[in-house]
Structure formats: C-alpha cells, structure tokens
Amino acid sequence: MSLPQDPLDELEPLDPSIEQALADALRAAWTPGVLAPATNERLITMALEDPFAEPSEQEIIESERLRRALEGQGGHPDADLARALAAAARPEPAPRARLEPLERKALRAKRSNVVFVVFGAAAAAAALAASLMLVLRPAEQRASMAARAAAPELAVSRSTSALFSERFAPGHATERIDRIAAARERDLRRNLFTGWGVGR
Amino acid sequence: MKRARSALLFAAALGAPLATGCSKEDQTLTACPELDAGRPIDPVLLAFLGRARSAHHAADAYEERGDLAAATKTLADVVAGPVPGGARPPPEAREVIADTRARMADLESKVGKFDEALREVERGLERVPETSYFRGHLFEVRGLIEERRQKALEERGDRAAADQARQRALQAFEESMRIQSEVIRGVTP
C-alpha cells in the first residue's frame, strides 16, 4: 500500500455509494459486530493450528521479517495490515495545516461530515482504514478513545465458577466444558485483538 | 507464521508469573493465587480446553453405545496429557481436570470399579481445594459411588458393609450440599 507524495491535491469528494461503503467499513473496524458462530469457530481453529508445534524455518524467517518491518526496516504484508488495523482503531490526529484545505473542500461540497481517504485498489476492507483518514468527531469522544488506548486490558486466567449459576447436575460434564471453552475463546479473541492494537 | 505471531504477543505475559512468590519447587497441583492472577488467556490454554471438549464429546458417543471403558479411556487421556502451566495449571485447567475426573469416577463406579472411582474423586479434589461447584460436585459423585457400592454389597448379601457404604454416601452428600450452599450464598446478593 503506497501513498502518493501529496494526496491532498488529488482528493475529491467520494461518490455517495463509495462513501457509504467506506463509512460502513470504518464503522465495522471501529465498532465490530458479532461474528457468526461458524465464522468464529473457523477463525479460532485457524488461530490454534497446532500451538505445541515448533515453528518452522520459514515461520522464523517470516517473523523476523515482520519484526523488522514493524521497526521500520523493510516491508512485510502483515506489517501493513497491523498498521492499518491500528490506524482504524486509534487514528492519529491530522495536522491542522492538512485539515484546513480538507475542511474548505468539504464545505464547498456542502457536506457536513465527510471522510476522505486514499487507498490501494486491492486493499481489503480492514486495510482501507490504513489510509490517510480524517474523521470529524466530538472532542469528548476523542478523550474517551485516548483513555481506552492508554489502558489496554487483557482477559486473564481465572476460575470458571462465574460461568455457572446452578448446581452441577451429573451427566452434564460435556455442556460444562462447552461453556468454559466458549467463554475462554471469546477472551482469547479479545486478547489477540488487543495485542494487535485493535482491542476495544 | 500464526504461531510465531502468537508467541510474540504472549511471550511477555507468559514470562511474568515466574516473578511471583509461588515456589517453583513446590510441585503440588493445586491453586496458586499469585500465578492465577493476571495471567492472560493464551492459545495454549485454549488448545487444552479444546482437547478436553473433544474428549468429552467423544466420551458421550462411547457412552451412547454402551462402551464405558472407551469413554473412560478417552477422558483419562486428557488428565494424563500435557496441561498448560505444568505443575501449576491455571484455574480453568484445574477445574476442567477436576470435572473430568468426576466423570471418570462416575463411569468407573457404573462398572463396579468403586475403589478406582474414589481415587479419581480424591485426585479431583486435590485440584479444586476452594469452595466451588466443582468441589461440591466431586463430593456428590463420591456419594453416588458409595451408593452404588452399597447396592452391590446388598446384592452379595453383605449387609454390614452395605450399611457402612450407605453411611459414607450420606456423609458425602451432606458435604456436597454444604459446599453447594456456601457457593450459592457466595453468589447471591
């Protein structure tokens, strides 16, 4: 994903349908909805592929490449995605000098709330948010974002007793383990999102 | 790549508990509050829970076709297999193991292996020393085991031993009820 040298000169108000799609994508990144159970199971299965196995030589090489890319040395597709997701969750405030021309353009177009973006043609919905982004929102909402960003919390290991409000009936052990596993799958997913900088 | 990414994400979190006050030399398999607190949920715990869940579903299938030995063996593989945290499993793993042992005990007692069943209950109780539904359930299973033993003894005509088994069953059920009452009181506002 490469940005033009000066994207502001090339920006035009988006087509309403594209703008709506973009707004939906940003909203989904900012306030994700509930995954379908089947999709959720598939993601967990993919994430948990043989966690006890030693990393392969290729995986070690790729992880080193990713580490360097995240430190600004070289590139890596996953690094772009990670930055994109982080930008979607915690967008950097745009400099005032760049905001003003955008605001003037927006006012000329008689739009009260406009989202400008430059993005690569092949970018996926989540990666859309990696692009230059301006979102006009109330100041108090930004303060709330900053507070959340400052204190990401991980779900920690703990007793599962809170998952049960009734006496254990004999013959229902499978239901209990189902409930425990489902609860901790949700916790792990939240931890992973938090680790990627997109936790809520 | 996924494993490497997960490892990076959780490396610091997994290392943190080593700095707590729980002795690494103490190999008891019970709770360690200092380790239990603040250890993030990680893929290894989920792998263990997934394995246990699969085993319980498989045991259901074996039970449905009447193969209690195969059901018990499947569950035994879970408690004998790798457990996250090694000698210091996280609370979820301890509780799942305790519940799995309770089910194994129930199955073994159904085929007359009363002593083996009671050993499973004891091992389960070691995992959950705190007052909880898990502990209460283990005492309930202990009561069921003694009840089945009592019936088996009565069928053999050993009335004195049957009476002793009945007494042990009553004690176990009473202890189960006491624990469950405590749990209910603990969660009731």
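Computed from a predicted structure; not experimentally measured.

Each helix and strand counted, chain A has 8 helices and 0 strands in total. Burial analysis of chain A (200 residues in total) assigns 31% to the buried set. About 12200 Å² of surface is accessible on chain A, with carbon and sulfur atoms providing 57% of the total.

All right, on to the overall build of chain B then. For chain B, the helix and strand inventory stands at 8 helices and 0 strands. Buried residues in chain B amount to 49% of all 189 residues. Across chain B, contacts joining residues at least 24 apart in sequence account for 67% of those joining residues at least 6 apart. Total accessible area computed for chain B in this model is approximately 9000 Å², and 53% of it derives from carbon and sulfur atoms.

Residue and element names in this part refer to chain B. Counting residues in hydrophobic clusters, the biggest one holds 44 residues, and the most contacted among them are Phe48, Leu49, Val96, Val121, Leu138 and Ile145. If one sorts the elements of this core by residue count, helix H5 (residues 91-110) sits on top with 8 residues. Not counting residues within four places of it along the chain, the set of residues in contact with Leu138 comprises Ala98, Ala102, Val121, Gly124, Leu125 and Val128.

The next thing to look at is the interface of chain B and chain A. Residue-level contacts link 37 residues of chain B with 46 residues of chain A. Summed over both partners, the interface of chain B with chain A buries about 3900 Å², with 65% contributed by carbon and sulfur atoms. In this assembly, chain B and chain A are joined by 3 salt bridges. Residue Arg176 of chain A pairs with Asp99 of chain B through a salt bridge whose shortest N-O separation is 2.7 Å. Linking chain B with chain A are 15 residue pairs in polar contact (both at pLDDT 80 or more), by the criterion used here. Broken down by element, the residue count for the side of chain B that touches chain A peaks at 10 residues, all from helix H3 (residues 43-64) of chain B. In terms of residue class, the side of chain B that touches chain A is built from 18 nonpolar, 6 polar and 13 charged.

Throughout the structure, instances matching the rule amount to 4 aromatic pairs over all chains. A ring pair is formed by Phe164 of chain A and Phe168 of chain A, whose centres lie 5.0 Å apart and whose planes are at 75°; its orientation type is edge-to-face. Residue Phe164 of chain A is classed as buried on the basis of its relative accessible area of 4%. For Phe168 of chain A, a relative accessible area of 1% translates into the label buried. Of the aromatic side chains, those joined through ring pairs into one cluster are Phe164 and Phe168 of chain A together with Tyr133 and Phe134 of chain B.

To continue, consider a nonpolar patch on the surface. A cluster of nonpolar side chains, namely Leu35, Leu43 and Met46 of chain A, defines an oily patch on the protein surface of about 250 Å² accessible area. Mapped onto the elements of the fold, Leu43 of chain A is located in helix H2 (residues 37-47).

Once that is clear, we can look at the confidence of the model for chain A. Where the model shows low pLDDT, its predicted coordinates should not be examined in detail. Residues and elements named next belong to chain A. Considering every residue of chain A, the mean pLDDT works out to 71; 68% of them sit at 70 or more. No element of chain A has a lower mean pLDDT than helix H6 (residues 125-128), which averages 44, and none a higher one than helix H8 (residues 173-195), which averages 90. Here residues 111-140 is a poorly scored stretch, pLDDT under 50, and it has 62 contacts once near neighbours within four places are set aside; other chains count.

Scoring rules and cut-offs
- Residues numbered from 1 in each chain as written.
- Chains lettered and ligands numbered in written order.
- Predicted model: local features only at pLDDT ≥ 70, side-chain atom pairs only at ≥ 80, totals over all residues.
- Heavy atoms only, no water.
- Helix = DSSP H or I, 4+ residues; strand = E, 2+ residues; numbered from the N terminus.
- Buried < 20%, exposed > 50% of the residue type's maximum accessible area, 1.4 Å probe, protein only.
- Areas by Shrake-Rupley, 256 points an atom, 1.4 Å probe, with all protein chains shown as cover.
- Contact = heavy atoms within 4.5 Å.
- Core = buried A, V, L, I, M, F, W, Y, C linked by side-chain atoms within 4.5 Å.
- Buried area = accessible area lost by both parts, 1.4 Å probe.
- Salt bridge = Lys/Arg side-chain N within 4 Å of Asp/Glu carboxyl O.
- Polar contact = N/O pair within 3.5 Å; in protein donor to acceptor, adjacent residues only side chain to side chain.
- Nonpolar A, V, L, I, M, F, W, Y, C, P; charged D, E, K, R; others polar.
- Phe/Tyr/Trp six-rings, centres within 6.5 Å; stacked < 30°, edge-to-face > 60°.
- Patch = residues over 30% accessible without salt bridge, like charges linked within 9 Å, V, L, I, M, F, W, Y side chains within 5 Å.
- pLDDT = per-residue confidence, 0-100.

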